[in-house]
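# Notes for the structure review
One-letter residues, chain by chain:
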Amino acid sequence: MPHDAAWWKSAVVYQIYPRSFADSNGDGIGDLAGIIGRLDYLLALGVDVLWLSPIYPSPQVDNGYDISDYRAIDPLFGTLAEFDALLARVHELGMKLVMDLVVNHTSDEHPWFVESCSSRDNPKRDWYIWRDVHEGSEPNNWGSLFEGSAWAWDQTTDQYYLHLFDRKQPDLNWENPQVRKAVQDIMIWWLDRGVDGFRMDVINFISKAEGLPDTPAIPGQRFAIAFDGFADGPHVHEYLAEITREVFGGRGGDFITVGEMPGVTPEQARLYTDPARGELNMVFQFEHMFVDQGQQNKFDYLGFDLVVLKKSLHRWQAALAEIGWNSLYWNNHDQPRVVSRFGDDDPDYWAASAKALATVLHGMRGTPFVYQGEELGMTNYPFRIPQDYKDLEAVNYFNHVVESGGDESAALAGLAKISRDNARTPMQWDVGPNAGFTAADPWLPANPNYIWLNAAAQIDETDSVFAHYQALIRLRHESPILVDGDFTPLMAEDPQIWAYTRTTPDGKLLVIANCGRGPRTVEIGPAWIGANLLLGNLLDTPATSTSTSVDLAGWEARIYSGLRRGGVDAG
Ligand code: TEU
Ligand code: CA
């Protein structure tokens with residue numbers, strides 16, 4: 001396989017959720033100055049790119065994913081001058097910075113929507129999606145991802161507007177060329193300021209099905225989440241290619257673009273990320289995030305099966321092997337913590353399982369993303385009561401269960417497992433008050449386990465979760481096989497072992513992990529005799545493999561490097 005010069009193929013991205021990262025001014029909310037103060041930590045981790053969740057002015061209904069001004073910084077987080085200082089420092093340190101672009105919808109407090117709402121003949125009326133039906137009969141049966149109908153009634157102008165998320169997040173009408181131009185101008189404005197790319201929020205939702213047809217009804221439910229109606233719609237590829245032309249055209253190729261795409265299929269993803277089509281570098285697919293959740297109700301926790309999880313990710317490896325590129329992630333600000341979800345957060349297995357999961361993810365082909373605190377093995381929060389939740393998705397869901405006479409204790413159990421607040425508790429820096437995140441009352445409490453689980457306790461330890469992430473990131477930079485090698489799954493049906501190889505004509509890697517507590521002996525064959533251990537997650541593993549099998553302790557993971565000569569196994 002020819003080596004591809006695209007720099008982001010050997011890069012690792014780190015996601016910062018600014019509100020929960022570091023508070024510099026003692027108001028309990030993380031901010032830009034807080035990030036500046038922690039850049040040395042990120043440099044030590046070794047990541048190449050920082051992605052900031054939204055920092056623009058916002059009513060903060062959805063923690064900044066409801067933007068009211070695309071060309072400024074919310075005073076909560078700082079000023080444009082502080083942003084420029086952050087960007088300059090990030091560049092000085094040799095890293096890049098990516099902004100979150102949330103343009104499927106705006107806040108209802110954005111001047112565009114305020115105008116659009118003001119009258120039916122306002123020039124911005126058509127910037128949003130309005131429908132002319134009478135109150136009490138929604139234009140279609142689409143449900144909002146945040147409960148209830150996706151339509152809200154506007155009393156002033158007697159029409160409904162579409163909001164796939166909260167009613168304070170009206171969807172923009174991308175069919176209007178003025179909207180597309182306005183978005184492109186925003187992107188150009190930030191690129192001119194020096195940013196290195198964009199993570200594009202729910203960008204596969206921007207083109208809706210012609211005529212906004214009903215989605216198949218769910219028995220007993222008035223509304224249903226209509227992925228068939230709003231995901232990967234008829235014009236989405238055209239709109240993305242237009243962005244590439246109008247925004248990135250002529251600027252050279254140093255940027256990175258990743259489109260967040262709930263519900264995207266591998267076939268669609270191949271189109272979005274085919275370099276020849278000029279749309280996006282990579283997408284965030286969701287298939288592996290849905291494996292333990294109910295289809296219509298994500299808080300319906302189904303338990304999880306390692307075989308299903310493996311097969312899903314392997315399917316994506318295969319689908320984007322020849323054309324396109326994968327992103328690799330376990331966590332972000334919307335997902336529960338992976339060590340509690342697919343690992344084992346019992347103190348005896350916590351560190352090993354966090355490292356094992358990191359190993360199997362970072363061993364795959366694609367660009368790895370690390371979400372703040374994941375590199376420390378941060379866990380889910382011990383939520384108990386409804387009042388523990390701050391996220392509107394969780395709050396709306398629980399209210400809906402109460403109002404509809406549903407099972408409240410089941411709902412609380414599901415929320416504890418799945419809720420987005422799990423990811424949003426403060427970054428655990430040290431043993432100081434509130435995990436060193438803030439001197440004041442934090443907006444969301446720190447996980448009480450910060451007493452032993454924190455950055456200060458890990459950064460200088462050679463066998464910490466942090467050190468393991470450092471080693472994986474270094475490997476990504478140093479090993480062309482990890483970047484380019486072909487992916488071949490092994491033992492796909494094994495419910496406990498996760499194993500695969502990566503190969504190029506010059507060499508091969510074996511990634512193998514025991515995803516359970518019990519020890520396992522795994523037959524790997526003669527081809528790996530003499531292979532070198534590149535990385536392991538337990539101490540004192542022999543540096544060379546001398547047998548046709550490996551003995552793996554509970555949650556043990558290893559990466560072996562073997563030689564190939566003339567394209568055949570040397571072993
Ligand atoms: O999320 C898109 C999305 O569909 C889900 O991942 C979302 O978290 C929700 O739980 C669906 O049930 C993006 C952002 O990442 C998220 O934070 C925003 O709330 C959402 O879009 C709206 O902008
Ligand atoms: Ca602050």
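Residues numbered from 1 in each chain as written. Chains lettered and ligands numbered in written order. Predicted model: local features only at pLDDT ≥ 70, side-chain atom pairs only at ≥ 80, totals over all residues. Heavy atoms only, no water.

### What to know about the sheet that holds strand E5 (residues 151-154)
Read across the sheet, three strands follow the order E4-E6-E5 without closing on themselves; strand pairing throughout is antiparallel. The strands lining the two open edges of the sheet, one partner per strand, are strand E4 (130-131) and E5. Pairing of E5 with strand E6 (residues 159-162) involves four bridges; the strand directions are antiparallel. Each bridged residue has a counterpart across the sheet, and for Ala152 the counterpart in E6 is Tyr161. (Pairing = 2+ DSSP bridges. Helix = DSSP H or I, 4+ residues; strand = E, 2+ residues; numbered from the N terminus.)

### Describing the pattern of salt bridges
With the rule as written, the count across this model stands at 29 salt bridges. Between Arg193 and Asp84 there is a salt bridge, with its nearest N and O atoms 2.8 Å apart. Note that Arg193 is positioned in helix H5 (residues 177-193) and Asp84 in helix H3 (residues 80-92), a separation of 109 residues in sequence. Since its relative accessible area comes to 28%, Arg193 is described here as partly exposed. Notably, a salt bridge pairs Asp192 with Arg251, separated by 2.7 Å at the nearest N-O pair. Of this pair, Asp192 sits in helix H5 while Arg251 sits in the loop between helix H7 (236-248) and strand E8 (256-260); the two residues are 59 residues apart in sequence, bridging distant segments of the chain. (Salt bridge = Lys/Arg side-chain N within 4 Å of Asp/Glu carboxyl O. Buried < 20%, exposed > 50% of the residue type's maximum accessible area, 1.4 Å probe, protein only.)

### Observations concerning the packing of H5 against H7
Contact geometry for H5 and H7: axes closest at 10 Å, N-to-C directions at 45°. With respect to H7, the axis of H5 lies oblique. Note that H5 runs across H7; the crossing there is right-handed. Contacts between H5 and H7 involve Arg180, Gln184, Met187, Ile188 and Leu191 from the former and Tyr239, Glu242, Ile243, Glu246, Val247 and Phe248 from the latter. Residues of the contact of H5 with H7, tallied by class, amount to seven nonpolar, one polar and three charged. (Axes fitted to C-alpha atoms, helices over the stretch in contact; angles between N-to-C directions. Parallel < 35°, antiparallel > 145°, perpendicular 65-115°, else oblique. Left-handed = near helix turned anticlockwise from the far one by under 90°. Contact = heavy atoms within 4.5 Å. Nonpolar A, V, L, I, M, F, W, Y, C, P; charged D, E, K, R; others polar.)

### Digging into the nonpolar core
For soluble globular proteins, the rule of thumb is that nonpolar side chains tend to be buried together. Grouped together as the largest cluster of nonpolar side chains are 137 residues, with contacts concentrated most on Tyr14, Leu42, Phe83, Phe198, Trp330 and Trp498. With eight residues, the single largest contributor to this core is helix H11 (residues 350-362). Residue-level mapping places this core at the junction of two domains, with at least three residues from each of domain 1 (7-105 + 177-383 + 427-472) and domain 2 (485-563). Once you skip the residues sitting within four places of it in the chain, Trp498 turns out to touch Leu306, Leu309, Lys310, Leu313, His314, Trp330, Val360, Met364, Val511, Ile512, Ala513 and Cys515. Within the second largest apolar cluster, 18 residues are counted, among which are Trp142, Trp151, Trp153 and Tyr160. (Core = buried A, V, L, I, M, F, W, Y, C linked by side-chain atoms within 4.5 Å. Domains from an automatic or database assignment.)

### A word on the domain arrangement of the protein chain
Under the domain assignment, the protein chain is made up of domain 1 (7-105 + 177-383 + 427-472) and domain 2 (485-563). Computed from C-alpha coordinates alone, the two centres of domain 1 and domain 2 are separated by 29 Å. Facing the 28 residues of domain 1 at the interface are 26 residues of domain 2. For the pair domain 1 and domain 2, the two sides together bury roughly 2300 Å², of which 69% comes from carbon and sulfur. Counting the surface domain 1 buries against domain 2, the share from its top three residues, Lys310, His314 and Val360, is 24%. Taken together, the links from domain 1 to domain 2 amount to three salt bridges. A salt bridge links Glu493 to Lys311; the nearest nitrogen and oxygen atoms lie 2.6 Å apart. Of all the elements in the fold, those that place two or more residues in the side of domain 1 that touches domain 2 are helix H9 (306-319), H11 and helix H15 (465-478). Residue composition of the side of domain 1 that touches domain 2, by class: 14 nonpolar, seven polar and seven charged. (Buried area = accessible area lost by both parts, 1.4 Å probe.)

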